[in-house]
Amino acid sequence: TSVLDLAAIRADFPLLGERVGGAPLVYLDSAATSQKPRAVIDAEVSFLTRANAAVHRGAHTLAAEATELFEDAREAVAGFVGARAEELVWTSGATAGLNLVAYAIGNATIGRGAPASRRFALHPGDELVVTESEHHANLIPWQELAARTGAVLRHIPVRDDGTIDTDAAASVITNRTRVVAFPHVSNVLGIVNPVAELVALAREADALTVLDACQSAPHLPLDLPALGVDLAVFSGHKMLGPYAVGGLYGRSDVLEALPPFLTGGSMITTVTLDEASYLPPPQRFEAGTQPVSQAIGLAAAVRYLDGVGMDAVHAHERALEARMGEGLRSIPGIRLLGDAVGTERVGLWAFEVEGVHAHDVGQFLDSRGVAVRVGHHCAQPLHRRFGLTASVRASAALYNTPDEVDVFLEAVSGVRGFFGAGS
Ligand code: PMP
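Overview of the structure. As the structure is a prediction and not an experimental result, all values here were calculated from the model.

Re the sheet that holds strand β8 (residues 208-212)
Across a sheet, strands are paired by hydrogen bonds formed along the backbone, either parallel or antiparallel in direction. Strand order across the open sheet formed by 7 strands is β4-β10-β9-β8-β7-β5-β6, with mixed pairing between neighbours. The open sheet is flanked by β4 (88-91) and β6 (152-156), the only strands paired with a single partner. Across the sheet, the axes of successive neighbouring strands diverge by a mean angle of 20 degrees, strand direction being ignored. Bridge analysis of strand β5 (residues 127-131) against strand β7 (residues 177-183) gives 3 bridges, and the strand direction is parallel. What sits directly across from glutamate 127, in β7, is threonine 177. Lying over the sheet, helix α4 (residues 94-109) contacts β4, β7, β8, β9 (231-235) and β10 (246-250), oriented at roughly 150 degrees with respect to β9.

Section: the sheet that holds strand β14 (residues 348-353)
Taken together, 4 strands build an open sheet; the order of strands is β13-β14-β17-β16 and the sheet is antiparallel. Edge positions in the sheet fall to β13 (334-337) and β16 (373-375), since each of these pairs with one other strand and no more. Strand-to-strand twist of the sheet, defined as the mean angle between neighbouring strand axes without regard to direction, takes the value 30 degrees.

Re the site of the ligand
In the vicinity of the ligand, the contacting residues are Gly93, Ala94, Thr95, His135, Ala137, Asn187, Asp212, Cys214, Gln215, Ser235, His237 and Lys238. With respect to the ligand, the side chain of aspartate 212 contributes an N or O atom lying 2.5 Å from a nitrogen atom. Serine 235 is positioned such that a nitrogen or oxygen atom in its side chain is 2.6 Å from an oxygen atom of the ligand. Here the residues of the shell around the ligand sort into 3 nonpolar, 7 polar and 2 charged.

Regarding the nonpolar core
Ranked by internal contacts, the top residues of the largest apolar core, which has 68 residues, are Trp90, Leu398 and Tyr399. Ala104, Phe120, Val130 and Cys214 belong to the second largest nonpolar core, which has 32 residues in total.

Definitions and limits used
Residue positions are given per chain, counting from 1 as you read along its sequence in written order. Given that the model is predicted, a residue must reach a pLDDT of at least 70 before its local features are reported, and side-chain atom pairs must reach 80 or more before they are shown or counted; all residues, however, enter totals for whole chains, interfaces and linings. Calculation of side-chain values draws on the structure's entire complement of heavy atoms; hydrogens and water are dropped beforehand. Here, any two strands with at least 2 DSSP bridges between them count as paired. We count a stretch as a helix when DSSP gives it H or I for four or more residues in a row; a strand needs E for two or more, and each element gets its number in order from the N terminus. As a rule, the C-alpha atoms of each element are fitted with a line to give its axis, helices using only the stretch in contact, and angles between N-to-C directions run from 0 to 180 degrees. By definition in these notes, contact holds between two residues if any of their heavy atoms fall within 4.5 Å. Each residue is tested against the molecule or strand, and it is near if at least one of its non-hydrogen atoms lies within 4 Å. Side-chain atoms alone can form a polar contact between residues adjacent in sequence; in general such a contact is a pair of N or O atoms within 3.5 Å, and within protein one must be able to donate a hydrogen while the other accepts it. By the convention adopted, Pro, Cys, Tyr, Trp, Phe, Met, Ile, Leu, Val and Ala count as nonpolar, Lys, Arg, Asp and Glu as charged, and the other residues, Gly among them, as polar. Among buried residues, the Ala, Val, Leu, Ile, Met, Phe, Trp, Tyr and Cys ones that are joined through side-chain atoms within 4.5 Å form a nonpolar core. Burial classes: relative accessible area under 20% of the type maximum marks a residue as buried, over 50% as exposed, and values in between as partly exposed (1.4 Å probe, protein chains only).

Note that every value here comes from positions in space, so none of it alone points to a role or purpose.
Below you can see the structure in the form of structure tokens.
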């Protein structure tokens, strides 16, 4: 039993009825990308068949209608994360959002942007701080920014149980720190990180906070302004929405002072052959033709999630996570990553099956219809910290059932016997 009407929810997702090699699909790879409800698919199709036009220009009726739908979508998606429309920049995804921020800070450092952008400029001896648990998308842009500016990149370690070492954070974050970037939920560990604590340390250091909310936005009620972060990113395709669209949230004073990253059409007021002046946010950060149908699809996704209710989604997924965790702990030879006691979590577990390569585990599960992720999940430093190069990751979403978790557990319990490991 669940707090959700799972039969009704599953009926909304056309792909969940598929079979894989004769077995019913058990989709446990939503942390990589979620399935899409018909409402999202229909919203995109409906826009493309009835209202498609370029937004923010054009004097014709369709263009006005498209602009209205596009800006309504911004308001809906901003509202879903507790923000106002002008605080939400459309991006092509979390990776694009994080690069945007890192390059914009780089531009402030070389003197681009309005005088107010000097507050983001980096100087020799300045430090950027990330955690050991980053997805590469929230690591490499900072490595590159450090390389371009001479700033030093430091990291907060992760404890053996997968929690962020907040004691260490208190000494890694100092008055030299200018940026603290960290995940709300790691895509490998599934633990909800102590945002308030890290934000407090960053504030004391007068550092900018950048939250990677990819793995929380689909699973928890989210209020980014209340969390107190300066900037945050999320990806549409992980939260029931289309590909190639995501959000960058920024507190107004931060977005207003930040120089642009990409430049070109749609982000200017006046252009001469020598120079250009820029629109205020969010348009300043949306150079080029916008992801219009995708934004409208993402709005349909957040309306769908709100319709179910994020508290209920979280409660349901928490129950799946507990069932999965308990089941995995009871199978000999399974080592869970991030098995911390008493932490808030989302519905994902990464694990190692002793004596069996993660890719073999993945194939074995696939032969039973169970779709999981194997590999480093774009978090090589974190895997190295746990002495691994790869792990298996099962990740649930609102449409998964307890029965599916049981099918998954049953399949995992057969892995070591099949491969003759540890018998
Ligand atoms: N951060 C985290 C925690 C993620 O899980 C992902 C996607 N795996 C990303 C960033 C990057 O998202 P995208 O590939 O959609 O840009």
